[in-house]
Every structure is written in structure tokens, then in C-alpha cells.
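Residue-level listing of the chains:
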Amino acid sequence: MPRFLPLFTKALTDSWRSTLAWALGLTGAIMLYLPLYPSIGGSAQMQQMIDALPQEMTKALNYDQIATGPGYTQATMFGLIGFLLMSMASVGWGAAAVGGDEESGLLELTLAHSVTRIQVVLERALALVVRVGILSALVFLLVLVLNGPSKLDIDVGHLFGAVVLFAALALLSGTAALCVGALTGRKVYAIAAGAAVAVLGYVFNAVGRQSPDVDWLLNLSPYHWAYGNSPVTNGADWGAAAGLLGISAALIALGAVALQRRDVGV
């Protein structure tokens, strides 16, 4: 095992198959959804279909944006299927990083070598960040390649900002899973925590957009922090990106402190 960042390197090499699988899933989703836009986007038939849907459903699914190329990409790729796939990948990696290893007994074996508990959390968190970054870069390149042929008319700067927020949002769910895994040593709790961040964020955004009476829920939704400004259309809210990444960093630090202070395998 290499001496420089050995746990980081091993985490990446051990998970290359899952990284490839998620990359293929995202590629398939992009190739399925985005080329459809020229045949449906901006058409009278599409507008009639949107108008026929209940307004609550339209707002919940962000279908009120799909009349334009950037809005269509935001609603279908970044806001729905891409968000789902990236969140699942990030939560799975985050939950396995510490909680999964401890449940299987591998964490005690790792700690028997000349590594510290803080090193375990930090290096595996770095591996999580890199894997999310790889998938996000792939999404950026694929959307950029399809931008012209699919007549999406997306500004490249806006696309870059949207991908940064896309990665930061997925990373938040993954680091929540990693943190809870370090706190409890249980993979199932870690998965539940990461999934809760993703699902509740989406639900709070969907419900909060329905009425001014419940729009306070938007303030509790990481999904809305990232996408409330429709970044593919209007450009990124860099303050929101910094906030999401800052919370992820705090969760990683909390996980490192928690693992350092508790008994492992108990």
C-alpha cells in the first residue's frame, strides 16, 4: 500500500467498479433525456400538457421551467434523475466509509496498522469528494457536448456553476452519511441520515413552493439552497455553494472527532 494517503488511494481503487457503474448510469440518463428537448421543448403540445397538469405537481417537479433548454436541463437532469443518482452514489460511499467498515470488522483491522482514526475519516472523506467530483465533471462534459446538438442554448459559465452546486448538494448527503457512520458505527444509520438529507431537502422544496403559507420550508431545504436560483438558467449562487461545502466540511470534522473519542466495535 502506498505511504502517501494510503487509505485514500485504497478507497479509490476498491470502489472503481461502483464509480464506473454510477458514471454509466448518469451517462445513460443524460443521453436519454437531453436529446429529446428539440422535439418537445417550447412546442405548443408541451405547453398544453404542462397546463393540463395540476399546478402543485408542476411546481413540485419543476416542470414550470421546461419550456426552455436551460430550464429543461435543470428540471430533468440536475433537479430530478441526476440528483437522485448522485445522491444515491454519494450516500452509499459515505455510509460505507466508516460505518460499513466497522460493521464488517475491517475498521479494527485498519486501525491496527499505523494509521489514526482521524486519518481514516479524512482520507476516506477525500476519496468521497474525488469520486463525486469525477461524476460531476463527467456530467459537465456530457451536457456541454449535447448543448449544441440538442439545441439547449445553455451558457457555459452557468453550466459550470450548476455542476458545482450539483456536486455540493450530493456531497452534503454523502458527508452526512459518513458523519453518522463515524458517530454510531452502523451503516444502516448512516444510510438513513444521508437519505434523509436528500429526501427531506427535496420534499421541503416541493412543499414550500406550493403556497406562501409554507414557503418557510424553503429555508430548511439544501435542495432549494442549491437550485432555488435555477442555476442552469441564471447562474450559480456562489454563497449557497460555499454554504453547502462548508456544512460538508463541518460534518467531516465532526465525524473525525466522534470516531476519535468513542470505542470502535462496541
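Refer to the structure presented above.
Okay, so let's go over this structure.

About the cut-offs
Residues numbered from 1 in each chain as written. Predicted model: local features only at pLDDT ≥ 70, side-chain atom pairs only at ≥ 80, totals over all residues. Heavy atoms only, no water. Axes fitted to C-alpha atoms, helices over the stretch in contact; angles between N-to-C directions. Helix = DSSP H or I, 4+ residues; strand = E, 2+ residues; numbered from the N terminus. Parallel < 35°, antiparallel > 145°, perpendicular 65-115°, else oblique. Left-handed = near helix turned anticlockwise from the far one by under 90°. Contact = heavy atoms within 4.5 Å. Nonpolar A, V, L, I, M, F, W, Y, C, P; charged D, E, K, R; others polar. Phe/Tyr/Trp six-rings, centres within 6.5 Å; stacked < 30°, edge-to-face > 60°. Buried < 20%, exposed > 50% of the residue type's maximum accessible area, 1.4 Å probe, protein only. Lys NZ or Arg CZ within 6 Å of the ring centre and 35° of its normal.

1. Re the packing of helix 2 (residues 16-33) against helix 8 (residues 117-147)
Here comes step 1: The N-to-C vectors of helix 2 and helix 8 enclose an angle of 25 degrees; their axes lie 10 Å apart at closest approach. Here helix 8 runs roughly parallel to helix 2, going by the angle between their axes. Of the two elements, helix 2 crosses helix 8, and the hand of that crossing is right-handed. Between helix 2 and helix 8, the contacting residues are Thr 19, Trp 22, Ala 23, Leu 26, Thr 27, Ile 30 and Met 31 on the first element and Arg 131, Leu 135, Leu 138, Val 139, Leu 142, Val 143 and Leu 146 on the second.
Here comes step 2: Here the residues of the contact of helix 2 with helix 8 are counted per class, giving 11 nonpolar, 2 polar and 1 charged.

2. Some words on the packing of aromatic side chains
Here comes step 1: One pass over the full model with this rule turns up 8 aromatic pairs.
Here comes step 2: Look at Phe 83 and Tyr 223: their rings are 5.1 Å apart centre to centre, the planes differ by 80 degrees, and that puts the pair in the edge-to-face class. One end of the pair, Phe 83, is in helix 6 (residues 69-104); the other, Tyr 223, is in helix 11 (residues 222-227), and 140 residues separate them in sequence. For the pair Phe 83 and Tyr 223, a shared accessibility class is recorded, and that class is buried.
Here comes step 3: Measuring from ring centre to ring centre gives 6.3 Å for Phe 140 and Phe 160, while their planes differ by 90 degrees; the resulting arrangement is edge-to-face. Pair noted here: Phe 140 is in helix 8 and Phe 160 is in helix 9 (residues 156-184), with a separation of 20 residues, a long-range link.
Here comes step 4: Given a relative accessible area of 18%, Phe 140 falls into the buried group.
Here comes step 5: Phe 160 gets classed as partly exposed once you look at its relative accessible area, which sits at 46%.
Here comes step 6: Connected via pairs of aromatic rings, a cluster forms that spans Phe 83, Tyr 202, Tyr 223 and Tyr 227.
Here comes step 7: Directly above the aromatic system of Tyr 189 lies the positively charged group of Arg 186, at a separation of 5.1 Å from the ring centroid.

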